[in-house]
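Examining the three-dimensional arrangement
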Amino acid sequence: MVSRSDNLSKVLVRKQFLLSAEQSARLKAQAVASGMTETDIVRAGIELALAQSQDETVAWKAGWERAGGLWAGRDDLDAFYEARREARRLRHRRVFDPS
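Figured I'd write up the structure that's included with this text. (Residues numbered from 1 in each chain as written. Predicted model: local features only at pLDDT ≥ 70, side-chain atom pairs only at ≥ 80, totals over all residues. Heavy atoms only, no water.)

There is a patch of like positive charges on the surface, built from R84, R88, R91 and R94. Note on placement: R94 falls in helix 4 (residues 77-96). For R94, a relative accessible area of 57% puts it in the exposed group. (Patch = residues over 30% accessible without salt bridge, like charges linked within 9 Å, V, L, I, M, F, W, Y side chains within 5 Å. Areas by Shrake-Rupley, 256 points an atom, 1.4 Å probe, with all protein chains shown as cover. Salt bridge = Lys/Arg side-chain N within 4 Å of Asp/Glu carboxyl O. Lys, Arg positive; Asp, Glu negative; His and termini not counted. Charge placed at Lys NZ, Arg CZ, Asp CG, Glu CD. Helix = DSSP H or I, 4+ residues; strand = E, 2+ residues; numbered from the N terminus. Buried < 20%, exposed > 50% of the residue type's maximum accessible area, 1.4 Å probe, protein only.)

Structure, rendered in structure tokens:
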């Protein structure tokens, strides 16, 4: 039996975006050359960009962990920055959605 969480992970969400004429032509040529659909190429590109972003985040954290001084030896940086992000979200809601 397939669990509900398995079904939810396979739900696709429609996104719409614009490409330049050159990007569109290059995408079409890549699709023909690779035998992949344009959609699959776009999805692969998104996955690549997200993975690279994650790698940069990990590298940034590793750099701070190696740094000396105030930040040396801290094992709470994830929680620290999550608290800062949450405070920023709450402040944004108060300013832009004061309902």
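To continue, consider the pattern of salt bridges. Considering all chains together, one arrives at 6 salt bridges under this definition. A salt bridge links R43 to D40, with the shortest nitrogen-to-oxygen separation between them at 3.3 Å. With a gap of 3 residues between them, R43 and D40 both fall in helix 3 (residues 38-66), about one helical turn apart. R43 sits in the partly exposed class, given a relative accessible area of 41%. Ionic pairing is found between E86 and R89, a salt bridge with its closest N-O pair at 2.9 Å. You can see E86 and its partner R89 sitting in helix 4, 3 residues apart, about one turn around the helix. By relative accessible area, which is 31% here, E86 ends up partly exposed. By sharing partners, the salt bridges in this structure join E82, R85, E86 and R89 into a single network.

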